[in-house]
Amino acid sequence: MELKPLHIVNAQLVDGDTPRAGSLLVAGGRIAALDPTDIPEGAETVDAKGQWLAPGIIDLGVFATDKPAFHFGGITRAALMPDNGPLDGAGLVERAAKGGKPDLWVHPLAAATKGLEGRELAEIGLMKQAGARAIATGRSRIADSGVMRRVLSYAASLGLVTIIHAEDEGLTAGAVATDGEMATRLGLASAPAVAEAMAIARDLALVEETGAPVHFRQVTTARGLDLIRAAKAKGLPVLCGITPAHLLLSDTAIGDFRTFARLSPPLRSEDDRQACLAAVADGTIDVLASGHDPRGPEDKRLPFAEALPGMAGAETLLALGLGLVRDGHISPGRLFDLLAATPACLLGVDAGRLAVGQEADLILVDADTPWQVDAKKMAAWAGNTPFDGMPVQGRATMMWKGGLRIR
Amino acid sequence: MTSSTIRPASDYPPGGDAFRHRHLTGIAQLTPWEISYVLDAAEEWVDLNRSGAAKHDDRLAGLTIINAFFENSTRTLLSFEIAGKRLGADVVNMHAAQSSVKKGETLIDTAMTLNAMRADAIVIRHASSGAVQLIADKVDCPVLNAGDGRHEHPTQALLDALTIRRRKGRVEGLTIAICGDVLHSRVARSNILALTLLGNEVRIVAPPTLTPPAMERMHVTTFTDMDEGIKDADVVMMLRLQNERMDGAYLPSAREYHALYGLTPKRLEQAKPDAIVMHPGPMNRGVEIDSSIADDADRSTITEQVEMGVAVRMACLDILTRRQRGVPGWN
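If you're wondering where the values come from, they're calculated on a predicted model, not measured in any experiment.

Undergrad: Any chance you could explain the side chain of A:Arg141 here in plain terms?
TA: Residues and elements named next belong to chain A. Its location among the elements puts arginine 141 in the loop between strand 9 (134-136) and helix 4 (145-157). Overall, arginine 141 belongs to the buried group, its relative accessible area being 11%. Separated by 2.7 Å, the side chains of arginine 141 and glutamate 169 make a polar contact. Excluding anything up to four places from it in sequence, arginine 141 contacts His165, Glu167, Asp168, Glu169, Ala199 and Arg202.

Below, the structure written as structure tokens:
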């Protein structure tokens, strides 16, 4: 396909801490120049009208290929968790990788163990050849420490990061909330928040032992974050992420048995939430992701403990991230490190930054226009957002994938 | 001593303002005066129930009450059924626990079905916390919670409060120890809410494995030592211990539980000499409570609680259907 060069002018480029006025040239599907002086003949010009021009969002760890939601949210690449399927064979991975064509990149995360059962190694090497960009333990962790150790060292030998869900299954068995006043008042089975730190502690010991790179997909407690902070100070190859829900909501959101706020890991105490905000600000948290997991009424319109966990997060990710900027927690540049640059690095793809030679996955962001989250009017195939009714600001107004306009 | 505790009607806001709820889903929604309003109304039904042959009032004649029990129950179901019938209502029982109705969208579907049958009140018991609220949000008639998971069992707390008030002459300023499996108990949660709200000192006495987290936020003190926990208590409220809790996961054995937490005559000496002993039933004699205490009519209020249960449920059914019945002031 012959693509005309693209010249985006009058933009605020997000290529440093603060957006700056500038323009950008795309040729051959890649970023050819920032602030170009030489514009090729026949280039298409797009006037950004002063909006932010940023790298497309790379959403690390979604549970469904939900294109309308990703496009609404300015997400050009989605790293797909292995749970549906599960993605534990090369054929499945290959098919999943094609699931976004032509207007969305899908990067499958391979199941670390066969059937995600935590017992036998999956064919990680073959899945890598089929397009897997990392491996993941899925919605739960690998309980057997021996298996986990072998998974880590094997994946590391193939140059793949292991993406971990960190909750101790012994402590969380049957639990649907975090220990605290809310769970007690509602009469919900709950687990202590330390279940997360315990799981992280074990895996960090294995990282130290094997040298394998890992990413804890969601770290949501003060004690868990303290462990990550210490591991990073030691120089261990550790990254961690979070979703906006754990930054903006505490367990009071499950009051009245609101199943849209039933998440995994469950929402935490206000103290933990504050610790998460501090960890985003101080650089301990590396990735902000949506955890996109659309669930229809058959999974959510149930008594709380019978409902399945998960939220539709893709559409609100950017707006809630911009809220963190507006509230002074992070800079715009850091927001896009969390949303794009670090995920790209973890997945080993040439995207996620406004730099010459990168794939031209770009979004224009109107950072200020207010809108209201409405569970009944979502682009996602289910509206299970815990932010229903919340006023937010900012959205993606235009998108390109590899220089091709998709919105 | 009973009539002196009843407040005159002029003490309450007029008409429907005295009880501003369409449903009774939990004690958490109630104010102290609303609790006291229900207790006062129940006193009237205690008198009727004791009045000999004609224990009948027809104020709910023509109304249909459905008891939808998604979890097995004998005494609560029977109590609600008798309460409805004594008020003249047509009472239908649905034993969903024995049918194919288990969970899922079917719960809402079942609710919609009951609604379409134009029930005038629905009484629900369900094994999941929050299930009753879920149904209440979907139907047009009043819903009464007869127990949802570990969450609430409001009529039990109301009947317990009435029993205490009648025995002690008041249900405020008392020291009340709630003992046993608090973690899994909706009776405990509703009672903690009601009794603290009414101004009593509430203590929780339970093994640490059966104590819910964050109890201090519920305004109670927790004890793991039974003797210490019931010391100088006016009321010792025992909870039922389910057999499946004693298989090693939460407790080592029934006999160890009895040794550490069973209410024996010796142990009861720690409480005030005139302390009463309560139990929501059914009892495990010889495990959480000794027979000699359970059968001591001066101490034990167990049968009186059952009696108060019918009266309290009559009061709740009456109050919650006043809007449909067009009672003046209730619209």
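Undergrad: Explain the sheet that holds strand 9 of chain A to me, please; I cannot follow it from the model alone.
TA: Strands pair in a sheet through their backbones, by hydrogen bonds, and they do so in one of two ways: parallel or antiparallel. Residues and elements named next belong to chain A. As summarised here, the arrangement of the 8 strands in space is 6-7-8-9-10-13-14-15, forming an open sheet in which the pairing is parallel. Pairing within the sheet leaves two strands with one partner each, and these edge strands are strand 6 (57-62) and strand 15 (287-288). Relative to strand 7 (residues 75-80), strand 6 runs parallel, the two sharing 5 bridges. Bridge pairing links isoleucine 58 to arginine 77 in strand 7. Running over the sheet, helix 2 (residues 90-98) touches strand 7 and strand 8 (105-111) and is turned about 155° from strand 8. Across the sheet, helix 13 (residues 332-347) lies against strand 6, strand 7, strand 8, strand 9, strand 10 (162-164), strand 13 (214-216), strand 14 (238-242) and strand 15, angled at about 65° from strand 6, the strand it touches most.

Undergrad: Please explain the packing of aromatic side chains as it appears in this structure.
TA: For any pair of aromatic rings, the description rests on two quantities: the centre-to-centre distance and the angle between the ring planes. This structure, assessed with the given rule, holds 4 aromatic pairs over all chains. Relative to A:Trp371, the ring of A:Phe72 has its centre 5.5 Å away and its plane inclined at 65°; by these criteria the two rings are edge-to-face. Residue A:Phe72 is located in helix 1 (residues 67-72), and its partner A:Trp371 is located in strand 16 (residues 362-372); the two are separated by 299 residues in the primary sequence. Linked through ring pairs, B:Tyr12, B:Tyr37 and B:Trp330 together constitute an aromatic cluster. In this structure, A:Lys401 is placed above the aromatic ring of A:Trp105, and the distance from its NZ or CZ to the ring centre is 4.5 Å. Taking NZ or CZ as reference, B:Arg7 lies 5.2 Å from the ring centre of B:Tyr12, over its face.

Undergrad: I would appreciate a short explanation of the pairing of strand 8 of chain A in the present structure.
TA: Remember that side chains alternate between the two faces of the sheet whenever the strand is regular. Residues and elements named next belong to chain A. The buried count for strand 8 comes to 6 of 7 residues, which makes it a mostly enclosed element. Strand direction decides the pairing type here: strand 7 and strand 8, joined by 4 bridges, are parallel. When the sheet's bridge partners are listed, leucine 80 is paired in strand 8 with proline 108. Pairing between strand 8 and strand 9: 3 bridges, direction parallel.

Undergrad: Sorry, what's going on with helix 8 (residues 222-233) of chain A here?
TA: The α-helix winds at 3.6 residues per turn, so residues separated by three or four positions along the chain end up facing the same way. Residues and elements named next belong to chain A. Taking 1.5 Å as the rise per residue, helix 8 with 12 residues should run 16 Å; its terminal C-alpha atoms sit 16 Å apart, in good agreement. On its buried face, helix 8 sits against helix 7 (194-210), strand 13, strand 14 and helix 10 (270-282). Taken from the residues just after helix 8, glycine 235 is the one with a positive phi, measuring 90°.

Undergrad: Explain the sheet that holds strand 3 (residues 121-126) of chain B to me, please; I cannot follow it from the model alone.
TA: All names here are of chain B. Pairing is parallel in the open sheet, where 4 strands are placed in the order 2-1-3-4. This sheet does not close on itself; its edge strands, each paired only once, are strand 2 (90-95) and strand 4 (143-148). Within this sheet the neighbouring strands show an average axis-to-axis angle of 10°, counted without direction. As paired elements, strand 3 and strand 4 share 4 bridges and run parallel to each other.

Undergrad: In this structure, what is going on with the interface of chain A and chain B? I would like to understand it.
TA: A common way to express how large an interface is: the accessible area buried when the components associate. Taken together, the contact between chain A and chain B spans 16 residues of the former and 23 residues of the latter. Counting the surface lost from both chain A and chain B, the interface buries some 1,700 Å², and carbon and sulfur atoms represent 58% of this. A per-residue breakdown of the area chain A buries against chain B is headed by A:Thr184, A:Arg185 and A:Arg301, which together make up 35% of the total. Between the two partners, chain A and chain B, sit 1 salt bridge.

The rules behind each value
- Residues numbered from 1 in each chain as written.
- Chains lettered and ligands numbered in written order.
- Predicted model: local features only at pLDDT ≥ 70, side-chain atom pairs only at ≥ 80, totals over all residues.
- Heavy atoms only, no water.
- Helix = DSSP H or I, 4+ residues; strand = E, 2+ residues; numbered from the N terminus.
- Buried < 20%, exposed > 50% of the residue type's maximum accessible area, 1.4 Å probe, protein only.
- Polar contact = N/O pair within 3.5 Å; in protein donor to acceptor, adjacent residues only side chain to side chain.
- Contact = heavy atoms within 4.5 Å.
- Pairing = 2+ DSSP bridges.
- Axes fitted to C-alpha atoms, helices over the stretch in contact; angles between N-to-C directions.
- Phe/Tyr/Trp six-rings, centres within 6.5 Å; stacked < 30°, edge-to-face > 60°.
- Lys NZ or Arg CZ within 6 Å of the ring centre and 35° of its normal.
- Expected span 1.5 Å × (residues − 1).
- Buried area = accessible area lost by both parts, 1.4 Å probe.
- Salt bridge = Lys/Arg side-chain N within 4 Å of Asp/Glu carboxyl O.

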